[in-house]
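Letter by letter, the chains look like this.
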Protein chains: 6
Amino acid sequence: MSNLLNLGIPKGSLENATVDLFKKAGWQISISSRSYFPGVDDDELNCKLIRPQEMGKYVERGTIDAGIAGRDWVRENDSDVVEVCEMVYSKVSRRPARWVLVVTKDSPVQKPEDLHGATISTELVGFTKRYFAERNIPVNVEFSWGATEAKVVDGLCDAIVEVTETGSTIKANGLRIVCDLMESVPVLIANKAAWADPWKRQKIESIATLLKASLAAEGMVGLKMNAPNDKVEAITQILPSLNHPTVAHLYKSDWVSIESILHEKEVRRIVPELIRLGAQGIIEYSLNKVL
Amino acid sequence: MSNLLNLGIPKGSLENATVDLFKKAGWQISISSRSYFPGVDDDELNCKLIRPQEMGKYVERGTIDAGIAGRDWVRENDSDVVEVCEMVYSKVSRRPARWVLVVTKDSPVQKPEDLHGATISTELVGFTKRYFAERNIPVNVEFSWGATEAKVVDGLCDAIVEVTETGSTIKANGLRIVCDLMESVPVLIANKAAWADPWKRQKIESIATLLKASLAAEGMVGLKMNAPNDKVEAITQILPSLNHPTVAHLYKSDWVSIESILHEKEVRRIVPELIRLGAQGIIEYSLNKVL
Amino acid sequence: MSNLLNLGIPKGSLENATVDLFKKAGWQISISSRSYFPGVDDDELNCKLIRPQEMGKYVERGTIDAGIAGRDWVRENDSDVVEVCEMVYSKVSRRPARWVLVVTKDSPVQKPEDLHGATISTELVGFTKRYFAERNIPVNVEFSWGATEAKVVDGLCDAIVEVTETGSTIKANGLRIVCDLMESVPVLIANKAAWADPWKRQKIESIATLLKASLAAEGMVGLKMNAPNDKVEAITQILPSLNHPTVAHLYKSDWVSIESILHEKEVRRIVPELIRLGAQGIIEYSLNKVL
Amino acid sequence: MSNLLNLGIPKGSLENATVDLFKKAGWQISISSRSYFPGVDDDELNCKLIRPQEMGKYVERGTIDAGIAGRDWVRENDSDVVEVCEMVYSKVSRRPARWVLVVTKDSPVQKPEDLHGATISTELVGFTKRYFAERNIPVNVEFSWGATEAKVVDGLCDAIVEVTETGSTIKANGLRIVCDLMESVPVLIANKAAWADPWKRQKIESIATLLKASLAAEGMVGLKMNAPNDKVEAITQILPSLNHPTVAHLYKSDWVSIESILHEKEVRRIVPELIRLGAQGIIEYSLNKVL
Amino acid sequence: MSNLLNLGIPKGSLENATVDLFKKAGWQISISSRSYFPGVDDDELNCKLIRPQEMGKYVERGTIDAGIAGRDWVRENDSDVVEVCEMVYSKVSRRPARWVLVVTKDSPVQKPEDLHGATISTELVGFTKRYFAERNIPVNVEFSWGATEAKVVDGLCDAIVEVTETGSTIKANGLRIVCDLMESVPVLIANKAAWADPWKRQKIESIATLLKASLAAEGMVGLKMNAPNDKVEAITQILPSLNHPTVAHLYKSDWVSIESILHEKEVRRIVPELIRLGAQGIIEYSLNKVL
Amino acid sequence: MSNLLNLGIPKGSLENATVDLFKKAGWQISISSRSYFPGVDDDELNCKLIRPQEMGKYVERGTIDAGIAGRDWVRENDSDVVEVCEMVYSKVSRRPARWVLVVTKDSPVQKPEDLHGATISTELVGFTKRYFAERNIPVNVEFSWGATEAKVVDGLCDAIVEVTETGSTIKANGLRIVCDLMESVPVLIANKAAWADPWKRQKIESIATLLKASLAAEGMVGLKMNAPNDKVEAITQILPSLNHPTVAHLYKSDWVSIESILHEKEVRRIVPELIRLGAQGIIEYSLNKVL
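This one's a predicted model, so the numbers in the text were calculated from it and none came from an experiment. (Residues numbered from 1 in each chain as written. Chains lettered and ligands numbered in written order. Predicted model: local features only at pLDDT ≥ 70, side-chain atom pairs only at ≥ 80, totals over all residues. Heavy atoms only, no water.)

1. Re the overall build of chain A
Check the secondary structure of chain A and you find ten helices and 17 strands. Taken over C-alpha atoms, the radius of gyration comes to 25 Å for chain A, far larger than the 19 Å a tight globule of 291 residues would show. Projected onto its principal axes, the C-alpha positions of chain A cover 80 × 55 × 35 Å. Burial analysis of chain A (291 residues in total) assigns 56% to the buried set. When contacts within chain A are restricted to residue pairs at least 6 apart in sequence, long-range pairs at least 24 apart make up 70% of them. Accessible surface computed for chain A: about 12200 Å², of which carbon and sulfur atoms make up 47%. With 35 positive and 39 negative side-chain charges, chain A shows a spacing of 2 Å between the two charge centroids. (Helix = DSSP H or I, 4+ residues; strand = E, 2+ residues; numbered from the N terminus. Rg over C-alpha atoms; globule rule 2.2 N^0.38 Å. Buried < 20%, exposed > 50% of the residue type's maximum accessible area, 1.4 Å probe, protein only. Contact = heavy atoms within 4.5 Å. Areas by Shrake-Rupley, 256 points an atom, 1.4 Å probe, with all protein chains shown as cover. Lys, Arg positive; Asp, Glu negative; His and termini not counted. Charge placed at Lys NZ, Arg CZ, Asp CG, Glu CD.)

Encoded structure:
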C-alpha cells in the first residue's frame, strides 16, 4: 500500500486520447470493455476510470491521489485541489473547449445582463450560477440532461451555457453565441495531502514531466542533412534549434552532417532555404518525446 | 394554435420503441439526425424529443401538454401531473425496470437499515433521499454521472441505487442486490390544465386508446379453420375468444369456417387439440391492433 | 427466347425499394454483390441492373423491353418510350423528387431570367438546356460529376439545378431555391415494339397491376369488429369501405362480424366513433396487396 | 424435472433462422452474447446451444432429448437417433446444401474412381471414408480445419469434399465439381428413449407440427375478394384452395365475399384472371402458420 | 487576397491518400463531413475539394491555381495546364492505373481494329474517341454512368474502356483485356497564369518539393550501427548511402558509430552481411521526408 | 524452382500480427479477401495461408519448407520438424497462451487424478490424451468443435482443456482452473530436409534474424540529449546502452551530444535522473529493428 499512487483516468471523450498519451509517455494502460479496472504496467500505479464531472470530488476527498479532467469540471465543482499542469491534447483538437452563452439567432439578448429573470439550461449549473451571481444578474439555472441545444431551439428555456470548440455546430442549428464564459483545457490535478507526501509528489511530477514531453514531441521533428564544410556557418544560422545543432564530420570527406530539432511547421519554410544554401541528403524523422 | 397538442417523445432508450409504437398506432413520427424537430403526419400534433429525466418537469410546467417517460423519472422529480395510462412495451423487454439497492458481494449490508451513515451513489437522487428519509435512515446520497456500478466496485461509495431488469449484469460484476426499491414502466402523463381542456383531453385519450390497442395486438393472433358442421360445438368450446368466434358456412359444403382471436401463447397448446377435434386448413395471421 | 421479357431494375438509390416492391408483388429478385446478373424466380423474366440515367436509352433501343427509372432521367434523355404507369414508392419517401434551381442565399438572382449569361452546373444537362432555351434565356450549362451543391457554394458556377425532396439540405448549406423546374416519380417504361407485341404487353401490364396493388396496400388495413345486430346500420355508414363491408352472423348470437378495408390514416379517426357506436373486439390487420 | 424436454438449438449458420422459426411457431428463444444459456418462454423446455457437428452425439447419448441439425452431420457421426421430420428453411436458402467432390479445373479426375490412392481433405471425414470404402476406392482422407477449398487450389491435397449450394463459389475459385456425394437439409432428431416416453414424444411432435406449420406459411397467402353472386361459380373454380373457399354474403347487397388460401407464387398468375371474371376489392394478406 | 494559392484536392478515391500525404509534408488539411470547405493550417493556401474529372477544367480556367488529379482525367478533358510533377502514391497502390480495352472472353475481337463500327461504353469518352479517330477506326463511343463492366457482360455494348490495376477483377468477371490504352498516375497541375506569377510558382514548387520528399521517404530508412575502427572501411563500402555515411567515434572506445540512409528493401539483404563484417548494435528507424 | 522457399503464414488469430511483423522486417505480404494466394515482394518466397492446426503436418511432410504456428498445435500433432526460434508477439499479448484444465466452480475435482474415468472435451485431443496417459489416468477425451467452455457449464462433459491468457473469461463464466497443462508461444518451424539444404537454411535464418530484430525493436527506443563536457562521465554511467553510447561535440560549443539505445520502460525512470545530472534537449525516437 506504501508507494502506490491512485490515478484517475477520465472516462468518455478524453479517454482514448489520455490512454494514447500515457502510452507515448511510457505507460501501457489497458481498458477492457469487460472490466471496470484498467490495468497498467507500473506497480506503483493503480488506475481508475472516473467521469470528468466527478474527478474533482474524488481527488479533493483523497479517494484518488491525482487525476486528469477538463478544468471546466474542476471549477464547476469548486474542487479544492492542486492543479499540477495543463495538458493541451493537440491530437483531439487544436483549440481549448469554450463554454459559451447561447441564444436563438433572433433573440433580443445581446449581453448577459439582458437575461435578467430568464431560465438558463446547462450541464454546468454551479459555474453558471456563480457567473451570474457575481454580476448580480438574477437568473433561473436548470440542470440539462443533455441535448441542451435543442432546449433553446424548442423554447424550453431562454438561453443555454454549452461547450463548443469552433462554434460551427451552434451556428448550424440556427443559434447565436452571446459571449464566452470560460475556456477549458485538460489539467492534471492532485489531492493536497498527496501533494504534501514526498514520494507521491515526486511520482506525480514524474508523470507530469513525461506526459508533457510526449505532448511537446507531437509538433516537433528531427532534421538531419549533409553539407560542405564551408556552408556550415550559413546553415546553422537559420536552424531554429532548441539548442546548438549537432555537427559531425562525414567519413573521409570535407562534408559534415548537421542535425537539429525543430517545429514541424517550420520545416516547410526552412527546407527550400537549406537546399538553396547547399544542404543535401536532408531527412526528417519523428520524435516520441522532447524534454 | 388552437387544437394543437404538444407531445413529448422520450429521447434515448425508449425512443425507437416509442416511434415504432406510434407507427403501429397510426402516426408516422420521423426523427432526423440532422434536426431537433421530429415530424409527425398529424396537423393536431407537435412532437418534441425530451429526455425522460426532464419529461415530468416540462409536462408539469405546461411547456408540453403530454409525454411518455418511465414512471421512475416522473417520481424522481415528484412531478405534479396526470398519469393517463401505463404502457408495457413488450418489444423492448418483458419485465418492468427495477431500481435496486446494490452492494458488493462480500459487503456486510443485508437490509437498507445497515446503510446508516453510508454514502450511496445513484442517478435517482431525489427518490433515494426520500426513500431513506421515510425510513429514518441517515445516508449521504450523491449524484452519479453514469458508470454507477463501477463506483461501488471501486470502493468510491458504499452502495448504489441502480436500474436493472434481470439483475444478471449486476451479478456478473460481482455485486449483490439488497432489495428492490421501485418498479417502473413507461407511462403517458398529461399536464393538469391540458387534461381539463376538453379538446386536449379527448386527443390524449384517443392517442392512449390506439397506443394500447397496438400494444395489446403484439401478443394476439387471429386463427381461422374449417370444420365439419357437427364439430363446431366442440371446437368453439375450447377457443378462448375475446368474444364469440365467427362461424360461416363454406360454399356448397357441410363445412364451416371458424375464426377467433386469441393469445399467441395459447396457439401452441390449442392447435393439437383442434386437429384432434377435426379442424382442417388451420391458418394463423398477425394483428396490428386489438381494441 | 419467345415469351421472355427483358426487364431493367434501377441500380442505385431505387434499387432496394424496387426489389422490396417486386417481392411484395410476388417476384423474388436476388442481387448478389458477386455477380452482375440479378436472378428472378420467373422463367418469363430476365432482369438486368441498369443505371436510371441509362434506362431510357436501353428501353428506347430495345436492348431491354421495359424498366423502372425516375421520370427525370427519362426526360433528360428525351427517350422515345411508352410510360406505362407511375409508381410512388412511399417507403422511400412521401414526396416526389424535385429538381430545383439553386443559388447562394445572398445571390441577386430571383428568377430564371436573372441568370442571363450565367454558368449553371447540373447532372441534368439536356433537360436544363431545353428549359432555358424554351424561355430564350442564354446560359452556359455544364455537366457536374457530383457534389453539385459545393460548386455554387465555392463560386465555381452561378447556379445549379439539383434534386431535393424537402429542400432542407439545401437550406442547411446556406443556399436558396429560386424555383422548381420539374417533379419526378419513378415510372415503368416500355419499349414501343415490345408494347406492340401482345404477349410482352400483357406481361408488362400484369407486372404493373401487381406492383400497383402492392403499393396501394402500403397505406391500407383490414378492420374487423363485432357488433350487436341493431348497430350494424350505424356502423356500416361510417365505414369508408372500398366496397360494401362484409357482415357475418356470429355463431349462436345476436351479434354480427363486420369487416372492411380502409386507409390506415382513417383508423385513428374512426376507431373512437366505432367504440362509441357499440363495436367490440375491433382488430386491425395488414394487407400485402389491394387491387 | 418431470415434464421437461432438453432441446438442442444449432449454433452457427442455422442459429438465427432456427430462433426466427421458433418465434413464428410460438416460442421466444432468447440467446444472449453474455450467457451460454438460451432462455425460452416455455417451462417444459430447456434449450442448449450445440454445434451441429455434435448434435447427433449428444442426442444419441441422451444428454439432450431432441435437437435440430443438418442431416449431413447426423450422418457423419452415424448417430443412432430418430429423425422426426425434415425442415426446409426457405428463408436461408431455396436449395438443400450439397456435399460435392471437387478438384482443380485442370485435374484429370473425372469420377470418384480416378482418385485411387489420392489424398482428400474434408470436414466430413467419417462420411467420406465410408463413401469411398463402399466403392472399394482406397483413398487417404484428412480432416480439414477450414479453408478447405484453398487446400486443393494450393496443391496441399488432390481433391476435397466440400459443402455448397449453387456451386458458384467453387467455380469462381477455378475448381470443378466431379459429382455430388450427399444432399442435406436440417432435420429434427430425437433420442430413442425420449421418443419412447409418451410425454416427451407428444411434446416433440407438437413442436414439429408447429415448426412445419410456420414453414408452410412462408410461401402461402390469404386472398379475399368481392364478387357478384353470379360470378361465384366461375371464380371458385379457378381458386386452388387448400379446402373449399369461404363465401359470405355482403351486407344488403347481391355480392359475396370469397376468401381462399393459396401459394403466393400463384397470385401473380391468378389475379389477372380474377379481375377478368369480375372480382373486385381483391386483397392479399400474410399468414403465420398453415396446418 | 494577394499571396493566396487556391489548391484543388481530389474528391473520391485519392482523397484520403492526398490528405495523408499533405500531413506528412507538413500541412494539416481537415475535411469535415458537415462542410464543403476543407480547412488548412497555412494562411497562404485555400483548399477546395474537386472531382478529379473536373480538376483540369477548373485549373485551366483559373478558378483554382493548382490541383492534384489523375493524368487520365487531365488528358480526357484535354486541359491546357502545366504538369508540375508526377506523384506515385505508393500507399494506395504500387502500380499506375491502366485504362484498358475490354471485351468478353469469347469475343472475336483481338485488336482495336476489330471494333470497326462497334459500340464502346466508357467514362472516358473524349480520350476514347480521339484514340480511335487517330487510328481511323470508326466506332460509336457512349458515356457510361458506372458499372461499365456489366454493360459488356450484359451485351449492352461490344467493348468497354475501363480502368484497372492488376486486371484481376476484369478476369474474375469473365472478360478479356484486348490491349492497354493509357497509364495514369496522379499529377500536380498548375494554371498557366499562376505558373507565370513568381510568388504562386514558388509556392507551388515548394509544395511539390515537400510532397515528393514525403513520398520518397516511404520506402527509405535510417540504419545505424557500431563497429570496430578496423571494420569501417569494409562496412561503408557495402552501404548504398544516398551520400557518404556519417561516422562518429564512440565515447572512450576504439569503436565508431556508422549511420546511413538506404532503401528499406535493401535492409534484408545487407543486414546479414553487416553482421558478418562485425557490425553490432544495428538499429533501423523510419523517415518522414527524404530530399 | 531452385532458390524458392515455401513459407506458411498462420491463418486466423495470428494472421494480422504475422503480416505486420513481416512488414516491419521488410517483407510486404498482401492477403486479399478475393484470393487464396498471399502475394509477397520477394521472388525467393512463396507464401501460403495455412491453419495453425495444420502447419506442423504440412511442414513435416515438406509441402511447405517453413511456417509460423503456435507451439501448442505443433505439439498436438507431434510434428517431426525443426523449431528454429520462438517469437513473442508482444503486440498481440504480453503473455504466452496457456492451455488449462477447467471444471465448474463447484466441481469436486482438485487435481488431474480426480478425473479418473471422466469425459474431457477439448480441441487438443492428441496432447490431452498423451498428458493423461503419461500419468496413468484413464479418461475419455472428446474433440470439441468450439464453444468448449459451454460444454462444461452445460454438463455435457466433466472437464475441458482450453486455451486462455489471463483466465479472466474462465472465471467470468463461473468456471475454475484446476492446473496449467502447457504454455505456448508462436514458433518458426522448418522441414528437416529444407533445414539440411544450405540455401534454404540460410534463407530461413535470415528471415528469423529480421523477424526477431523487429520484435526486439518494439520495446526499445533511441534517446539523445545534449550535456556540458563535464557531465558526460556521470550521464553515460547511468545509461544502460546496448553498447557504449555515441558522444559527439556540438558545433562551436563546450557541449556534447550523447545518444543511446535503451528499453522504453527504463525511460520513465532514467529521464528525471538525466535532467538532474544536467542533460538538456532530451529527445526520444522509435526504432524499427534492433539487432
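2. A look at the packing of aromatic side chains
Under the defined criterion, the tally for this structure stands at 51 aromatic pairs over all chains. Between Tyr131(A) and Phe132(A), the aromatic rings sit 5.4 Å apart at their centres with planes inclined by 75 degrees, giving edge-to-face as the arrangement. As far as burial versus exposure is concerned, Tyr131(A) and Phe132(A) are alike and both buried. For the ring pair Phe22(D) and Trp27(D), a centre distance of 6.1 Å and an interplane angle of 70 degrees mean the geometry is edge-to-face. Grouped by ring-pair contacts, the aromatic residues Trp73(A), Trp99(A), Phe143(A), Trp145(A), Trp73(B), Trp99(B), Phe143(B) and Trp145(B) constitute a single cluster. Positioned above the aromatic ring of Tyr131(B), the side-chain terminus of Arg135(B) is 3.7 Å from the ring centre. (Phe/Tyr/Trp six-rings, centres within 6.5 Å; stacked < 30°, edge-to-face > 60°. Lys NZ or Arg CZ within 6 Å of the ring centre and 35° of its normal.)

3. Examining the environment of Glu284(E)
Within the fold, Glu284(E) resides in strand 16 (residues 280-286). Judged by relative accessible area, which is 0%, Glu284(E) ranks as buried. Residues Glu284(E) and Ala213(E), spaced 71 residues apart in sequence, show a C-alpha to C-alpha distance of 19 Å. In contact with Glu284(E), other than residues within four places in its own chain, are Val221(E), Gly222(E), Leu223(E), Val267(E), Leu287(F), Asn288(F) and Lys289(F). Within the structure, Glu284(E) has its side chain in polar contact with the side chain of Lys289(F) (distance 2.3 Å). (Polar contact = N/O pair within 3.5 Å; in protein donor to acceptor, adjacent residues only side chain to side chain.)

4. Considerations on the confidence of the model for chain A
Mean pLDDT over chain A works out to 90, with 95% of the residues at or above the 70 mark. Across the predicted assembly, pTM comes out at 0.84 and ipTM at 0.83. (pLDDT = per-residue confidence, 0-100.)

5. Describing the packing of helix 1 (residues 15-25) of chain B against helix 8 (residues 198-217) of chain B
If you want to describe how two helices pack, look at the angle between their axes and the distance between the axes. Residue and element names in this part refer to chain B. Two elements in contact, helix 1 and helix 8, have axes whose closest approach is 8 Å; the angle formed by their N-to-C orientations is 100 degrees. One finds that helix 1 runs roughly perpendicular with respect to helix 8. Touching Leu 21, Phe 22, Lys 24 and Ala 25 of helix 1 are Ile 207, Leu 210, Leu 211, Ser 214 and Leu 215, all from helix 8. By residue class, the composition of the contact of helix 1 with helix 8 is seven nonpolar, one polar and one charged. (Axes fitted to C-alpha atoms, helices over the stretch in contact; angles between N-to-C directions. Parallel < 35°, antiparallel > 145°, perpendicular 65-115°, else oblique. Nonpolar A, V, L, I, M, F, W, Y, C, P; charged D, E, K, R; others polar.)

6. Brief notes about the domain arrangement of chain A
In many analyses, interface size is given as the accessible surface area lost on bringing the parts together. Residues and elements named next belong to chain A. With domains assigned, chain A is organised as domain 1 (5-92 + 186-217), domain 2 (97-183) and domain 3 (220-286). Between the C-alpha centres of domain 1 and domain 2 there is a distance of 30 Å. In this complex, domain 1 contributes six residues to the contact, which on the side of domain 2 involves eight residues. Summing the contributions of domain 1 and of domain 2, the shared interface buries around 720 Å²; its carbon and sulfur component is 47%. Per-residue buried area on domain 1 facing domain 2 is highest for Asp 72, Arg 75 and Glu 76; these three make up 65% of the total on that side. Across the contact surface, domain 1 and domain 2 share one salt bridge. Here Arg 130 makes a salt bridge to Asp 78, at a shortest N to O gap of 4.0 Å. Counting across the interface, domain 1 meets domain 2 through five residue pairs in polar contact (both at pLDDT 80 or more). Here the element with the most residues in the side of domain 1 that touches domain 2 is helix 3 (residues 71-76); it accounts for four residues. Tallied by class, residues from the side of domain 1 that touches domain 2 come to one nonpolar, one polar and four charged. (Domains from an automatic or database assignment. Buried area = accessible area lost by both parts, 1.4 Å probe. Salt bridge = Lys/Arg side-chain N within 4 Å of Asp/Glu carboxyl O.)

7. Regarding the pairing of strand 9 (residues 140-143) of chain A
Residues and elements named next belong to chain A. Relative to strand 9, strand 8 (residues 119-122) is paired through four bridges, and the arrangement is parallel. Looking across to strand 9, one finds that Ile 120 is bridged to Val 141. Taken together, strand 8, helix 4 (residues 125-134) and strand 9 constitute a β-α-β crossover, and its handedness is right-handed. (Pairing = 2+ DSSP bridges. Right-handed = clockwise from strand over helix to strand, strands pointing away.)

8. A closer look at the interface of chain D and chain B
On the chain B side, the residues contacting the 28 residues of chain D number 26 residues. At the boundary of chain D with chain B, total buried surface from both sides reaches about 2200 Å², with 49% on carbon and sulfur atoms. One salt bridge in this structure joins Asp41(D) and Lys265(B), with 2.6 Å as the shortest N-O distance. Taken together, the elements giving at least two residues each to the side of chain D that touches chain B come down to helix 1 (15-25), helix 8 (198-217), helix 9 (232-238), strand 14 (246-249), strand 15 (255-263), strand 16 (280-286) and strand 17 (289-290) of chain D. Across the side of chain D that touches chain B, the residue classes break down as ten nonpolar, ten polar and eight charged.

9. Considerations on the side chain of Glu162(C)
Residues and elements named next belong to chain C. One can find Glu 162 in strand 10 (residues 159-164). Buried and unpaired, Glu 162 has no salt bridge, with Lys 151 as the nearest side chain of opposite charge at 8.6 Å. Once residues lying within four places of it in the same chain are set aside, the contact partners of Glu 162 are Arg 98, Trp 99, Val 100, Thr 148 and Glu 149.

10. Section: the relation of the copies chain C and chain D
Each of the two copies of the chain can be brought onto the other by a rotation about an axis and a shift along it. After a rotation of 120 degrees and a shift along the axis of 0.1 Å, chain C superposes on chain D with an RMSD of 0.1 Å. Look at the turn and shift together and you get a three-fold axis relating the two. Closest to the rotation axis within chain C is the C-alpha of Ala248(C), separated from it by 4.1 Å. Of the interface residues in chain C, just 7% have counterparts in chain D that sit at the interface too, so the contact is made through distinct surfaces. (Least-squares fit on C-alpha atoms with pLDDT ≥ 70 in both.)

11. With respect to the relation of the copies chain D and chain B
Superposition record for chain D on chain B: RMSD 0.1 Å, screw rotation 120 degrees, translation along axis 0.1 Å. When the interface residues of chain D are mapped onto chain B, a mere 7% of them are again interface residues, pointing to distinct binding faces.

12. With respect to the sheet that holds strand 7 (residues 97-104) of chain C
All names here are of chain C. Strand order across the open sheet formed by five strands is 9-8-10-7-11, with mixed pairing between neighbours. On the outer flanks of this sheet lie strand 9 (140-143) and strand 11 (175-184), each paired with one strand and no other. Here the average twist between neighbouring strands, direction ignored, is 25 degrees. One ladder, built from five bridges, connects strand 7 with strand 10; its direction is antiparallel. Directly across from Val 100, in strand 10, lies its bridge partner Glu 162. Sheet contacts for helix 4 (residues 125-134): strand 7, strand 8 (119-122), strand 9, strand 10 and strand 11; angle to strand 9, the most-contacted strand, approximately 170 degrees.

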